[in-house]
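# Tertiary structure, described
What follows is each chain in one-letter form.
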Amino acid sequence: MKQEKLFETTQNAAEKSLEFTHSVIEKSKKYRTPSPKANRIGTAIGSCIGGGLLVTGGAFLVAGKSLLAIGPLVAGTSTIVSNIITHRRSKK
């Protein structure tokens, strides 16, 4: 008798925990993606930063410091590519 009651209590606790988890997941879905306006602003800022990194890398290349140019060039390129992907994904 005690085992059945213990089993029932444990099962009820597990079900309540699972229901709570599902409700939190559903509530968090609307916060996973930013609003279109915030996404557009973030993409613009990220693209400007990426462009600045590319300009910095180009300046290092012109100055003849190719090892220092690699970092900003790679970071700027990846930033711009990431922003383009995010922008295209948000249009869909």
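So, here is what we can say about the structure in this document. Computed from a predicted structure; not experimentally measured.

### Description of the environment of H22
Along the chain, H22 turns up in helix α1 (residues 2–32). Taking C-alpha positions, H22 is 35 Å from I45, a pair spaced 23 residues apart along the chain.

### Overview of helix α3 (residues 66–91)
Here α3 is 26 residues long and its end C-alpha atoms lie 37 Å apart, about the 38 Å a rise of 1.5 Å per residue gives. All of the buried residues in α3 are A69, P72, G76 and N83. Of the surrounding secondary structure, the elements contacted by the buried residues of α3 are α2 (36–62).

### Considering the layout of surface pockets
Looking at the largest pocket, its volume works out to about 180 Å³. Lining of the largest pocket is provided by T33, P34, S35, P36, N39, R40, T43, H87, S90 and K91. If you list the elements that add at least two residues to the lining of the largest pocket, you get α2 and α3. At four residues, the largest contribution of residues to the lining of the largest pocket is made by α2. A breakdown of the residues in the lining of the largest pocket according to their chemical character gives two nonpolar, six polar and two charged.

Rules and cut-offs
- Residues numbered from 1 in each chain as written.
- Predicted model: local features only at pLDDT ≥ 70, side-chain atom pairs only at ≥ 80, totals over all residues.
- Heavy atoms only, no water.
- Helix = DSSP H or I, 4+ residues; strand = E, 2+ residues; numbered from the N terminus.
- Expected span 1.5 Å × (residues − 1).
- Buried < 20%, exposed > 50% of the residue type's maximum accessible area, 1.4 Å probe, protein only.
- Contact = heavy atoms within 4.5 Å.
- 1 Å grid on protein atoms, 1.4 Å probe; cavity = no way out; pocket = protein on both sides within 12 Å on 5 of 7 lines; lining within 4 Å.
- Points joined across faces, edges and corners; volume = space filled by probe spheres on them.
- Nonpolar A, V, L, I, M, F, W, Y, C, P; charged D, E, K, R; others polar.

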